[in-house]
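Here are the chains, one letter per residue:
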Amino acid sequence: MSYEAKFKVWRGDDGDGELTDYTVEVNEGEVVLDIIHRLQATQAPDLAVRWNCKAGKCGSCSAEVNGMPRLLCMTRMSTFEPDETVTVTPVRTFPVIRDLVTDVSYNYQKAREIPSFDPGDAKPGELRMQQVDVERSQEFRKCIECFLCQNVCHVIRDHDENKEEYAGPRFLMRIGELEMHPADQADRRNIAQDDHGLGFCNITKCCTEVCPEHIKITDNALIPMKERVVGRKYDPVVWLGSKLGIVKKGQDTPSA
Amino acid sequence: MTEIERHSYDVVVIGAGGAGLRAAIEARLQGKKTAIISKSLFGKAHTVMAEGGAAAAMGNVNANDNWMVHFRDTMRGGKFMNSWRMAELHAKEAPERIWELELWGALFDRTKEGKISQRNFGGHEYPRLAHVGDRTGLELIRTAQQKIVALQQEDHAEHGDYEANLKVWAETTVTRLLKDADGKICGVFGYVRETGKFVVFEAPAVVLATGGIGKAFKVTSNSWEYTGDGHALALLAGGTLLNMEFVQFHPTGMVWPPSVKGILVTESVRGDRGVLRNSEGDRFMFDYIPEVFKEQYATSPEEGDRWYDDPDNNKRPPELLPRDEVARAINSEVKAGRGSPHGGVFLTVVDRMPGGAAEIVKRLPSMYHQFKELADVDITKEAMEVGPTCHYVMGGVEVDPDTGAALVPGLFAAGEVSGGMHGSNRLGGNSLSDLLVFGRRAGLGASEYVDGLEARPAVPEDVVAAATTEALAPFEREDGENPYAVHAELQQTMNTLVGIIRKEGELEEAIAALGKLRERVANVGVDPVAVGDGGRGYHPGWHLALDLRNMLLVSEAVAKAALERQESRGGHTRDDHPGMSAEWRKINLVCSLAGDPSAPHVELRRQPLTPMRTDLLELFENDELKKYLTAEELPGGPAGEAETGEAEADEAEAAAGSGATAAGAAENEEGDR
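Under an unreviewed UniProt entry, chain B has the name Fumarate reductase/succinate dehydrogenase flavoprotein subunit and belongs to Actinomadura darangshiensis. The UniProt entry for chain B carries the following comment under Cofactor (unreviewed entry): "FAD".

With an unreviewed UniProt entry as reference, chain A is termed Succinate dehydrogenase/fumarate reductase iron-sulfur subunit, source organism Actinomadura darangshiensis. Taken verbatim from the UniProt record of chain A, the Sequence similarities (unreviewed entry) comment is "Belongs to the succinate dehydrogenase/fumarate reductase iron-sulfur protein family." Heading Pathway (unreviewed entry) of the UniProt record for chain A holds this comment: "Carbohydrate metabolism; tricarboxylic acid cycle."

If you want it as structure tokens, here you go:
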């Protein structure tokens, strides 16, 4: 059942590299990451690829296969014809370190700018939350941080200049997760829009499409956040009430 | 001249899984400038693979649960080889550690009253595992990761620098622990994977939290990071390893297709009517029911099949025998030539459920999903190929139970890399709570150690030079061997000769083979790449060349300890010594390095197990203790029966009940899913 497949793999470092052709054995049941590993073991011991669990649970092996953002460990070779050339390139939105490995530090930077969970003065073991209430944020906590949603988002995919002001779907979802966390006391609605660029998102759902965890990022996190931001900023009753001094606005939490 | 970066910290934590992150959080909370060194990106550690949950006797689901019950379950699971002090601390402190996670943002599944829900698991008397669906490990990692970010935000607010007091060195590997002239830890030496740049981290205290050793075996559920780094680093620094022979193999890991080799197939497949068959189509488990279990297990497939619907009037099918029995049977079938095409046996649920394919999908959703997505195998139509997979190492760095301190001054260890807590066999769910309890204790222990030092130990230049030479050596060798080929052979050797079932002859063969591999490991070579310092930028071949040293050392430790211990207990099964021996229970096997420091070998020493404290011993009934302890060790001496006073009557009753439960649960113990 094995055959020789044609592969094109991007080799090189930032700004300088090319697609390199390989012919490599493929056996039944293998995924693209297996083939990359075979290349390392037999033809290219220095081929750089980031991976870890090889079970779709850690989100390390993100790349683009024939132009589609994918986890290499979750892309089966059986989805290609034996005579089809499989092209593997690094994710496009982040700078290449070498070969298939990119510098994803942008994401860790953005994570730091979002104010952390704030339980107020809750005491250990005293929190009481209903399952139905925790489930909303639990969906977002399924995120394995593969950053494919960040990679595919057109706001930054071809627009480096937006990276400064835009946290990307993963971290806008993180804001949503904290906003919907039943025990969280902070209010991140203002900064979602002002500091983290929620307004850039025009809900094309590319992020949802590539999510290997099948999280409904747009429908369940980004759109509800947009609604909450509107409620915070533009609700006429709240506006009038606050002008008359009968509605007290909550404290906005600044970015961290 | 090779350029070397230098950084200075109070505490350096090696490993960024649950134990490492918890240790680092504690050290930072104690005011220590702390570094976390991680081979992977931040938040990717192997802890994410844990599914079942974290065991903690919170009593949310059954109010009868408490630390004493948890302690007893843990000791039984480990066949009384556990460090009882660790098991005690673990059982007592696990609830606090779970509640703490909740205040850091973790969202566990809930009970109707809104408390943290707890699930039943093999070996645990009461529902005890705090969980989030089947992704508890991810929740634990993410929560600890986000707590670290929160602490960094505090530091940013105060010092204008997120990394002022707590920095994560992602994709950085440590190759040596450094010691000063007095033999104290003074730092670590490593390289940044991205650039190949060498870094010296000067620090008086180091916490090892590097996880396990699974990558020394061919078939494992472990990720590439699990190369026994911490075990080897400790040995090389003069530390000791405890009971390395105890390695947990799960009987049903996938062996085919290659993309999922080693990944666990949950035990509930067998609980939900799954059957094991050999290449001739025989349901072979009926041939492997040991004498002691004859009464409890069905003798015909018909009776076994009736059990699922009517367990009161039928005996259970032998697919549900204890894990070591199932694994042994699979092993025998494969050796007799009746294995599946890829060296396992068949596990199938096809046509086994009354509701057909739809019911399979409903009852085993994650398995269905896992096979479909990862392997393109539809378990409603095809059989799975399964075989034993290396899963967890109970053995590890010998530490002080309270502080995690190893024998080397300044060295600490927590989590899977440390030994003792789980004895000869770990219960499912006890790993995640172990990480939290002992991660915190090691972080605290390291901080207190630093506070007690009069002066910071200085890093001698010659040890840095030696570490540099060692790390560069694979580039220097002309015509060096391909490290991937050597790794494959090491894994094959360990899998075949030091696997789940062990024999004296095979272990001797393994030790001889490892001796030859030692020479080959010393001769692996790689060529520089186009980027990074000295062509070392993101160079996987070089990384593996350096990791091989560690895998070889732990392999030698496992093989030698396995040859020495002439009994079968928990994660150590000797075909030639099938029984459990109360005399052997009293003996810990301790590994250290001896001989020429440039080519040291593993040496074994027998060390008596510390007798259990009386008040802990009294938590058990004498009848149960008799199964494990020698007559002299029993309370009241060889002749005396323990007196059960009025006050203890309730306790004794509870123990009796739990004994019965544990016997049933033993068939399911150490289940990770």
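Student: Go over the overall build of chain B, please, and point to the residues and values.
Tutor: Along its length, chain B carries 19 helices and 22 strands. Since a compact globule built from 673 residues should have a radius of gyration of about 26 Å, the 25 Å found for chain B is in line with a globular shape. Principal axes of the C-alpha set define a box for chain B whose edges measure 75 × 60 × 50 Å. Put simply, chain B has 673 residues, and 65% of those count as buried. Put simply, of all contacts in chain B between residues at least 6 apart along the chain, 72% involve residues at least 24 apart. With an accessible surface of roughly 23000 Å², chain B has 49% of that area assigned to carbon and sulfur atoms. For chain B, the separation between the mean place of its 71 positive charges and that of its 104 negative charges on side chains is 2 Å.

Student: Now, about the interface of chain A and chain B: what can you tell me, with residues and values included?
Tutor: Across the contact, 64 residues belong to chain A and 62 residues belong to chain B. For the pairing of chain A and chain B, the buried interface totals around 5300 Å² over both sides, and the portion due to carbon and sulfur atoms is 53%. The interface formed by chain A and chain B includes four salt bridges. Where chain A touches chain B, the interface holds 38 residue pairs in polar contact (both at pLDDT 80 or more). Here the element with the most residues in the side of chain A that touches chain B is helix α3 (residues 131–141) of chain A; it accounts for five residues. Its residues assigned to classes, the side of chain A that touches chain B shows 31 nonpolar, 14 polar and 19 charged.

Student: Describe the side chain of B:Ser424, and please don't skip the residues or the numbers.
Tutor: By the element assignment, B:Ser424 lies in the loop between β18 (411–413) and α11 (430–451). At a separation of 2.9 Å, a polar atom in the side chain of B:Ser424 contacts the main-chain carbonyl oxygen of B:Gly78.

Student: Which residues make up the domain arrangement of chain A, and what values go with them?
Tutor: Residue and element names in this part refer to chain A. Here chain A is partitioned into domain 1 (3–102) and domain 2 (105–244). Relative to domain 2, the C-alpha centre of domain 1 lies at a distance of 31 Å. Every contact between the two is made by 14 residues of domain 1 and, on the other side, 18 residues of domain 2. Here domain 1 is connected to domain 2 by two salt bridges. Where Arg-157 meets Glu-64, a salt bridge forms, and the shortest distance between an N and an O atom there is 2.8 Å.

Student: So what about the packing of aromatic side chains? Which residues, and what values?
Tutor: One pass over the structure, following the stated rule, counts 20 aromatic pairs over all chains. Ring plane angle 70° and centroid distance 5.6 Å describe the contact between A:Tyr166 and A:Phe200, whose orientation is recorded as edge-to-face. Taken as a pair, A:Tyr166 in the loop between α5 (154–157) and α6 (168–179) and A:Phe200 in the loop between α7 (189–194) and α8 (206–210) lie far apart in primary sequence, 34 residues in all. Taking the relative accessible area as the measure of exposure, A:Tyr166 reaches 1% and is therefore buried. Geometrically, the ring pair formed by B:Phe284 and B:Tyr288 is edge-to-face, given 6.1 Å between the ring centres and 90° between the ring planes. A relative accessible area of 0% places B:Phe284 in the buried class.

Student: Tell me what's going on with the domain arrangement of chain B, and back it up with residues and numbers.
Tutor: Residues and elements named next belong to chain B. Under the domain assignment, chain B is made up of domain 1 (1–246 + 394–610), domain 2 (250–390) and domain 3 (614–665). When each unit is reduced to the centre of its C-alpha atoms, the spacing between domain 1 and domain 2 is 32 Å. Of the roughly 1100 Å² buried between domain 1 and domain 2, counting both surfaces, carbon and sulfur atoms make up 60%. Three residues stand out in domain 1 for area buried against domain 2, namely Val-219, Ile-500 and Ile-501, and they jointly supply 44% of the buried area on that side. Linking Glu-506 and Lys-335 is a salt bridge whose minimum nitrogen-to-oxygen distance equals 3.4 Å. One can count six residue pairs in polar contact (both at pLDDT 80 or more) joining domain 1 with domain 2. Looking at the side of domain 1 that touches domain 2, its residues break down into four nonpolar, five polar and four charged.

Student: Give a detailed account of a nonpolar patch on the surface, specifying residues and quantitative values.
Tutor: Taken together, the side chains of A:Trp239, A:Leu240, A:Leu244 and A:Ile246 present a nonpolar region at the surface, about 480 Å² in accessible area. On the secondary structure map, A:Trp239 appears in helix α10 (residues 236–244).

Student: Please provide a residue-by-residue account of the sheet that holds strand β8 (residues 172–179) of chain B, values included.
Tutor: Residues and elements named next belong to chain B. With mixed pairing, four strands are arranged side by side in an open sheet as β1-β10-β9-β8. Looking at which strands have only one partner, the edges of the open sheet turn out to be β1 (4–8) and β8. Taking each pair of neighbouring strands and ignoring which way they run, the sheet shows an average axis angle of 25°. Both β8 and strand β9 (residues 185–192) contribute to a ladder of seven bridges, which runs antiparallel. When the sheet's bridge partners are listed, Val-174 is paired in β9 with Gly-190.

Student: I'd love a proper account of the layout of surface pockets, names of residues and values included.
Tutor: Computed from the structure, the largest pocket encloses a volume of approximately 1400 Å³. Around the largest pocket, the lining is made up of 47 residues, and of these A:His37, A:Trp51, B:Lys215, B:His487 and B:Gln491 lie nearest the centre. For the lining of the largest pocket, the secondary-structure elements that each account for two or more residues are α1 (32–42) of chain A together with β13 (247–256), α13 (483–497) and α15 (540–564) of chain B.

Student: So what's going on with the packing of helix α3 (residues 84–103) of chain B against α11(B)? Residues and values would help.
Tutor: Residue and element names in this part refer to chain B. The contact between α3 and α11 brings their axes to 8 Å, and the two run at 90°. Our classification of the angle between α3 and α11 gives roughly perpendicular. On α11, the residues touching Met-86, Leu-89, His-90, Glu-93, Ala-94, Arg-97, Ile-98 and Leu-101 of α3 are Asn-430, Ser-433, Asp-434, Leu-436, Val-437, Phe-438, Arg-440 and Arg-441. By residue class, the composition of the contact of α3 with α11 is eight nonpolar, three polar and five charged.

Student: Which residues make up the pairing of β13(B), and what values do they have?
Tutor: Residue and element names in this part refer to chain B. Of all 10 residues in β13, 10 are buried; the element is thus mostly enclosed. In the sheet, β13 pairs with strand β16 (residues 384–393) via seven bridges, with the strands oriented antiparallel. In the strand pairing of β16, Trp-256 is matched with Glu-385.

Student: Now, about the pattern of salt bridges: what can you tell me, with residues and values included?
Tutor: Residue and element names in this part refer to chain B. Here the structure, examined in full by the defined rule, presents 73 salt bridges over all chains. A salt bridge links Glu-26 to Arg-22, with the shortest nitrogen-to-oxygen separation between them at 3.0 Å. Of this pair, Glu-26 and Arg-22 both sit in helix α1 (residues 18–29), four residues apart, which is roughly one turn of that helix. A relative accessible area of 7% means that Glu-26 is categorised as buried.

Student: Could you give an account of the nonpolar core, with specific residues and numbers?
Tutor: Ranked by internal contacts, the top residues of the largest apolar core, which has 223 residues, are A:Phe7, A:Leu72, B:Val12, B:Leu177 and B:Leu208. At 11 residues, α15(B) tops the list of elements feeding residues into this core. The contacts of A:Phe7, once residues within four sequence positions are left out, are A:Thr20, A:Asp21, A:Tyr22, A:Val24, A:Val32, A:Ile35, A:Met77, A:Thr85, A:Val86 and A:Val88.

Student: Summarise α10(A); cite the residues concerned and give the values.
Tutor: With a side-chain oxygen positioned 2.9 Å from the backbone nitrogen of A:Val237, the residue opening α10(A) is A:Asp235. Taken from the residues just after α10(A), A:Gly245 is the one with a positive phi, measuring 80°.

Parameters and conventions
- Counting restarts for each chain: residues are numbered from 1 in the order of the written sequence.
- All chains are assigned letters beginning at A, and all ligands numbers beginning at 1, according to the order in which they are written.
- Under the rules for a predicted model, residues below a pLDDT of 70 receive no local features and side-chain atom pairs below 80 are neither given nor counted, while totals for whole chains, interfaces and linings still include all residues.
- Heavy atoms from the whole structure form the basis of all side-chain values; hydrogens and water molecules are not counted.
- UniProt positions are given in the numbering used here, feature names are shortened, and annotations may be inferred rather than shown by experiment.
- Strands are runs of DSSP state E lasting at least two residues, helices are runs of H or I lasting at least four, and both sets are numbered from the N terminus onward.
- Taken over C-alpha atoms, the radius of gyration is set against a globule rule of 2.2 Å times the number of residues to the power 0.38.
- Burial status follows relative accessibility: with a 1.4 Å probe on protein chains alone, a residue under 20% of its type maximum counts as buried, one over 50% as exposed, and anything between as partly exposed.
- Contacts are assigned to residue pairs that have any heavy atoms within 4.5 Å of one another.
- Every accessible area reported is derived by Shrake-Rupley at a probe size of 1.4 Å, with residue values counting cover from the shown protein chains alone.
- Neither His nor the chain ends is counted toward charge; the positive residues are Lys and Arg and the negative residues Asp and Glu.
- Positions of charges follow a simple convention, taking NZ of Lys, CZ of Arg, CG of Asp or CD of Glu.
- Put simply, buried area is the surface a 1.4 Å probe can reach on two separate parts but cannot reach once they are joined, added for both.
- When a carboxyl oxygen of Asp or Glu is within 4 Å of a side-chain nitrogen of Lys or Arg, the pair counts as a salt bridge.
- Definition of a polar contact: a pair of N or O atoms within 3.5 Å, with one able to donate and the other able to accept a hydrogen when the atoms are protein atoms, and with sequence-neighbouring residues admitted only if both atoms are side-chain atoms.
- Asp, Glu, Lys and Arg are counted as charged, while Ala, Val, Leu, Ile, Met, Phe, Trp, Tyr, Cys and Pro are counted as nonpolar; the rest, among them Gly, fall into the polar class.
- Those domain boundaries reflect an automatic or database domain assignment.
- In this scheme Phe, Tyr and Trp rings, the latter by its six-membered ring, pair at centre separations within 6.5 Å, and the angle between planes marks the pair as stacked below 30 degrees, edge-to-face above 60, and tilted otherwise.
- Patch building starts from residues that exceed 30% relative accessible area and form no salt bridge, then joins like charges within 9 Å and nonpolar side chains (Val, Leu, Ile, Met, Phe, Trp, Tyr) within 5 Å.
- At least two DSSP bridges between two strands are required for those strands to pair.
- Only the stretch in contact is used when fitting a helix axis, every axis being a line fitted to C-alpha atoms; angles between N-to-C directions are given from 0 to 180 degrees.
- Cavities and pockets are defined on a 1 Å grid built over the protein atoms alone: a cavity is a set of grid points where a 1.4 Å probe fits but cannot escape, while a pocket is an open set with protein on both sides within 12 Å along at least five of seven lines, and lining residues are those with an atom within 4 Å of any such point.
- Grid points are joined across faces, edges and corners, and a volume is the space filled by probe spheres set on the points.
- Each angle is binned into one of four classes, with values under 35 degrees roughly parallel, values over 145 roughly antiparallel, values of 65 to 115 roughly perpendicular, and all other values oblique.
- For our purposes a nonpolar core is just a set of buried Ala, Val, Leu, Ile, Met, Phe, Trp, Tyr and Cys residues, chained together by side-chain atoms within 4.5 Å.

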